[in-house]
Amino acid sequence: MNRILLAALALLILPVAAACGSGGDDENGTPPQQQATSAASPSPASQPAQPTATPVVASFPVTVELEGRKVTIAQRPQRIVALSNDVADIAIRLAGPERVAAAPESNANASLAAGADAAGRVATKLPPGTKPEPESIVALRPDLVLISARHGGEQDAAKQLEQLQIPLLVFAHWGTPEEIAENVRAIGKAVGEPQRAEALIAEMMQSVDRVQKAVKNAPTKPRVLALSDQANRPFIVGKSGGGITPTLVSLAGGEVLSETGGPAQAESVAALNPDVILIVDVWGKGLTNYRALLDSPGVRELPAVRDNRIIVLPAWQIFLPTDRVGAGVESLARALHPGALPQ
């Protein structure tokens, strides 16, 4: 973006921009009913009720410190633009869809996002992709922008938006429940819902602690092959670059087999010979996207497939890094270690 474009965009956002400081220094629509095999997975609709509104209205301005930056937000945000699935899901459940001006359209997918019903009521649905256009974002007149900068396009957009003085929170670390907690806390402070954020964090950490105690003395540690259909075909989720999933498998008393991720080929799956196969159901299709792989020679003979040791969990529990991974680690622990946790 050249200097003339930056100057023009800056004029557009003057009415809503707040001061941002830097301190120094990472197919959507409503899906069909999910098909489950070995594990019962509660739907977002059956989750515990969300915490009620805070009795005390948070005061502004507030300054949020995140990833070595300090961002000052002058007023309670009313036009939040969330560019990534994780931050969008958290912001929608904390602030409500009426205060979120735009979110990814895939957040309305009930298998991907816990707040899918509310996401459907967000005014503007952003198309898929990892290269947000700053011009389009500015046109939404945001008073707060949230983004997880995992890809180059997202990182470039974040740098350009920062130059335009739009209040911007950039999230880089989502690999553990503790990192998720810090991100939820930052979003809660930014949107004026710190007490509600703390309630979500407490629920998540209580679930993680409950599972840790339950599986601490488990007699076995199942070897797990995790597969995701984010691209509508099976991919292996590896320890390296596998996001939150490998951490959750470990917390649930299992071990992810593959060191790296990549397209799931029958030969590589057969060679891994897992004790359990974990299916990350991104699109709510159950085993549909995995059927050809599971029925292929060499794979269908595996004991895990033959004996139906296949766990199907929605992505909002085990793949999307939000506070709802607490429910996911409980579901996974029950499947890996039957009887360890009460239903």
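Each remark here, short or long, concerns the structure printed above.
The rules behind the values
- Residue numbers run consecutively from 1 along every chain, following the written order of its sequence.
- Since the coordinates come from a predicted model, pLDDT governs what is reported: local features require at least 70, and pairs of side-chain atoms require 80 or more to be given and counted, while whole-chain, interface and lining totals use all residues.
- Excluded from the side-chain calculation are hydrogens and water; included are all heavy atoms of the structure.
- Only DSSP runs of H or I with at least four residues qualify as helices, and only runs of E with at least two residues qualify as strands; both kinds are numbered from the N terminus onward.
- Summary of the burial criterion: residues with accessible area below 20% of their type's maximum are buried, those above 50% are exposed, and those between are partly exposed, where the area comes from a 1.4 Å probe applied to protein chains only.
- Here, strands pair whenever DSSP counts at least two bridges between them.
- The set of buried Ala, Val, Leu, Ile, Met, Phe, Trp, Tyr and Cys residues whose side-chain atoms join them within 4.5 Å is what this entry labels a nonpolar core.
- The criterion used for residue contact is that any of the two residues' heavy atoms lie within 4.5 Å.
- In this description, a line fitted to the C-alpha atoms serves as the axis of each element, helices being fitted only across the stretch in contact, and the angle between N-to-C directions of two axes falls anywhere from 0 to 180 degrees.
- Working definition: rings of Phe, Tyr and Trp (its six-membered ring) pair if their centres are within 6.5 Å, and the pair is stacked with planes under 30 degrees apart, edge-to-face with planes over 60 apart, and tilted otherwise.
- One side-chain nitrogen of Lys or Arg within 4 Å of one carboxyl oxygen of Asp or Glu is enough to make a salt bridge.
- Working definition: roughly parallel below 35 degrees, roughly antiparallel above 145 degrees, roughly perpendicular at 65 to 115 degrees, and oblique for all remaining angles.
- Handedness of a crossing follows from how the near helix is turned relative to the far one, being left-handed for an anticlockwise turn of less than a right angle and right-handed for a clockwise one.
- For this scheme, ten residues count as nonpolar: Ala, Val, Leu, Ile, Met, Phe, Trp, Tyr, Cys and Pro. Four count as charged, namely Asp, Glu, Lys and Arg, and the remainder, Gly too, count as polar.
- Nitrogen and oxygen atoms within 3.5 Å of one another constitute a polar contact, given that in protein one can donate a hydrogen and the other can accept it, and given that sequence-neighbouring residues count only through two side-chain atoms.
- Expected span of a helix: the number of residues minus one, times 1.5 Å.

(A) Spotlight on the overall build of the protein. Across its full length, the protein holds 13 helices and 14 strands. Burial statistics for the protein: of 343 residues in total, 52% are counted as buried.

(B) Highlighting the pairing of strand S8 (residues 168-171). Because side chains alternate across S8, one face comprises the buried residues Leu 168 and Val 170, and the other comprises Leu 169 and Phe 171, equally buried. Examined bridge by bridge, strand S7 (residues 144-148) and S8 share four bridges and lie parallel to one another. Counted as the bridge partner of Ile 147 is Val 170 from S8.

(C) Focus on the nonpolar core. If you look at the biggest cluster of nonpolar residues, it comprises 64 residues, and the most contacted ones within it are Leu 146, Leu 169, Phe 171, Ile 187, Leu 278 and Leu 332. Sequence-distant contacts of Ile 187, that is, excluding residues within four places in its chain, are made with Val 87, Ile 90, Ala 91, Leu 94, Leu 146 and Phe 171. Residues Leu 225, Leu 227, Ala 264 and Leu 287 belong to the second largest nonpolar core, which totals 18 residues.

(D) Layout of the sheet that holds S7. On the basis of which strands lie adjacent, the open sheet formed by five strands has the order S6-S5-S4-S7-S8 and parallel pairing. Each edge of the sheet is formed by a strand with only one pairing partner; in this case those strands are strand S6 (124-126) and S8. Geometrically, the sheet is characterised by an average inter-axis angle of 15° between neighbouring strands, direction not taken into account. Helix-sheet contacts for helix H2 (residues 85-95) involve strand S4 (80-82), strand S5 (100-104), S7 and S8, and the interaxial angle to S5 is about 145°. Helix-sheet contacts for helix H6 (residues 177-191) involve S4, S7 and S8, and the interaxial angle to S8 is about 170°.

(E) Spatial organisation of the packing of aromatic side chains. The full count for this structure, using the stated rule, is one aromatic pair. Here Phe 171 and Trp 174 contribute two aromatic rings whose centre-to-centre distance is 5.8 Å and whose plane-to-plane angle is 45°, an arrangement assigned as tilted.

(F) A look at the pattern of salt bridges. Inspection of the entire model under this criterion finds 16 salt bridges. Two residues, Asp 323 and Arg 93, come together in a salt bridge whose shortest N-O distance is 2.7 Å. Of this pair, Asp 323 sits in the loop between helix H12 (315-318) and helix H13 (325-336) while Arg 93 sits in helix H2, and the two are 230 residues apart along the sequence. Here the two residues Asp 323 and Arg 93 agree in accessibility, since each one is buried. Asp 295 serves as the salt-bridge partner of Arg 291, at 3.4 Å between the closest nitrogen and oxygen. Through salt bridges with shared partners, a single ionic network connects Arg 76, Arg 99 and Glu 193.

(G) A look at the packing of H6 against helix H7 (residues 194-215). Two numbers describe how H6 lies on H7: the axes approach to 8 Å, and their chain directions differ by 165°. Judged by the angle between their axes, H6 and H7 are roughly antiparallel. H7 is crossed by H6, and the crossing has right-handed handedness. For the pair H6 and H7, the contacting residues are Pro 177, Glu 178, Ile 180, Ala 181, Val 184, Arg 185 and Gly 188 in the first and Pro 194, Ala 197, Glu 198, Ile 201, Met 204, Met 205 and Val 208 in the second. Grouping the constituent residues of the contact of H6 with H7 by class yields 10 nonpolar, one polar and three charged.

(H) Expanded view of the side chain of Asp 323. The exposure class assigned to Asp 323 is buried, which follows from its relative accessible area of 4%. Separated by 2.7 Å, the side chains of Asp 323 and Arg 93 make a polar contact. Beyond its immediate sequence surroundings of up to four residues, Asp 323 is in contact with Ile 90, Arg 93, Ile 180, Val 184, Leu 200 and Met 204.

(I) Representation of H6 within the structure. Compared with an ideal rise of 1.5 Å per residue, which puts 15 residues at 21 Å, H6 spans 21 Å between its outermost C-alpha atoms and is within 8% of the ideal. Burial in H6 covers these residues: Pro 177, Ile 180, Ala 181, Asn 183, Val 184, Ala 186, Ile 187, Gly 188, Ala 190 and Val 191. In the stretch just after H6, Gly 192 is the one whose phi turns positive, near 85°.

(J) Looking closely at unusual backbone geometry. Across the junction of Phe 60 and Pro 61, the peptide omega takes the value 5°, indicating a cis bond. Mapped onto the elements, Pro 61 comes out in the loop between strand S1 (20-21) and strand S2 (62-66). With a phi angle near 65°, Gln 165 is a residue other than glycine that sits in the positive phi range. The residue Gln 165 is located in the loop between helix H5 (152-163) and S8 in this model. By relative accessible area, which is 38% here, Gln 165 ends up partly exposed.

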